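For reference, the chains in residue letters:
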Amino acid sequence: VQLVESGGGVVQAGGSLRLSCAASRSTSTMNVMGWYRQAPGKQRELVAVITVGGAGTNYANSVKGRFTISRDNANNTIYLQMNSLKPEDTAVYYCITRLFGVVYWGQGTQVTVSP
């Protein structure tokens, strides 16, 4: 499975970005997909996850109410809508899924939020 993220960039604090993650195979086979992030000098942390039907979601406390994860199984893509961005959201954002017990990561996309 290949996961390709896009949509990162530089934005001012308070702005918005939408990240996309395109999978190389049907996402309807992937029970859970999600987003992690890693800031410089910090450990990788979970940002948000979503179940296959889209009804089940979970978020890190730091992004609740600002970020929304969604998925489009018809287009094999998941999204992360990020609003009210803060400088502390600056990180490389990674898409992740697990299929048949194997964890797959994307290459990451950089998000930089300026004060």
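Structural notes, computed from the coordinates. (Residues numbered from 1 in each chain as written. Predicted model: local features only at pLDDT ≥ 70, side-chain atom pairs only at ≥ 80, totals over all residues. Heavy atoms only, no water.)

1. Things to note about the environment of S28
With respect to the helices and strands, the residue S28 is situated in the loop between β3 (17-23) and β4 (32-38). Spatially, the C-alpha atom of S28 lies 8.2 Å from that of A74, the residues being 46 residues apart in sequence. Residues contacting S28, with those up to four places away along its chain left out, are V52 and N73. A polar atom in the side chain of S28 sits 2.6 Å from the side chain of S26. (Helix = DSSP H or I, 4+ residues; strand = E, 2+ residues; numbered from the N terminus. Contact = heavy atoms within 4.5 Å. Polar contact = N/O pair within 3.5 Å; in protein donor to acceptor, adjacent residues only side chain to side chain.)

2. Considerations on the pairing of strand β8 (residues 77-82)
Of all six residues that make up β8, five are buried, and the element is covered over most of its length. Pairing analysis gives six bridges linking β3 to β8, with the strands arranged antiparallel. Across the sheet, the residue bridging to S20 is Y79, located in β8. In this structure, the hairpin formed by strand β7 (residues 67-72) and β8 is closed by a connection of four residues, where N76 is found at a positive phi of approximately 55 degrees. (Buried < 20%, exposed > 50% of the residue type's maximum accessible area, 1.4 Å probe, protein only. Pairing = 2+ DSSP bridges.)

3. Re the pattern of salt bridges
As enumerated under the stated definition, the model contains three salt bridges in all. One salt bridge in this structure joins D89 and R37, with 2.9 Å as the shortest N-O distance. Pair noted here: D89 is in the loop between β8 and β9 (91-99) and R37 is in strand β4, with a separation of 52 residues, a long-range link. Taken as a pair, D89 and R37 share a single burial class, namely buried. For D89, the salt bridge goes to R66, with nearest N and O atoms at 2.8 Å. Of this pair, D89 sits in the loop between β8 and β9 while R66 is found in the loop between β6 (57-59) and β7, placing the two residues 23 residues apart along the sequence. Across the pair, R66 and D89 agree in class, each one buried. Each of R37, E45, R66 and D89 takes part in one network of salt bridges that share partners. (Salt bridge = Lys/Arg side-chain N within 4 Å of Asp/Glu carboxyl O.)

4. Side note on the packing of aromatic side chains
When we look at a pair of aromatic rings, we describe it by the centre distance and by the angle of the planes. For the structure shown, the criterion picks out two aromatic pairs. Plain terms: the ring middles of Y36 and W105 are 5.2 Å apart, the flat faces sit at 65 degrees to each other, and that makes the pair edge-to-face. With Y36 in strand β4 and W105 in strand β10 (residues 102-105), this pair connects stretches of sequence that are 69 residues apart. Residue class for Y36 comes out partly exposed when judged on its relative accessible area of 24%. Residue class for W105 comes out partly exposed when judged on its relative accessible area of 36%. Pairing Y94 with W105 gives two aromatic rings, centres 6.2 Å apart and planes at 85 degrees, and the pair type is edge-to-face. (Phe/Tyr/Trp six-rings, centres within 6.5 Å; stacked < 30°, edge-to-face > 60°.)

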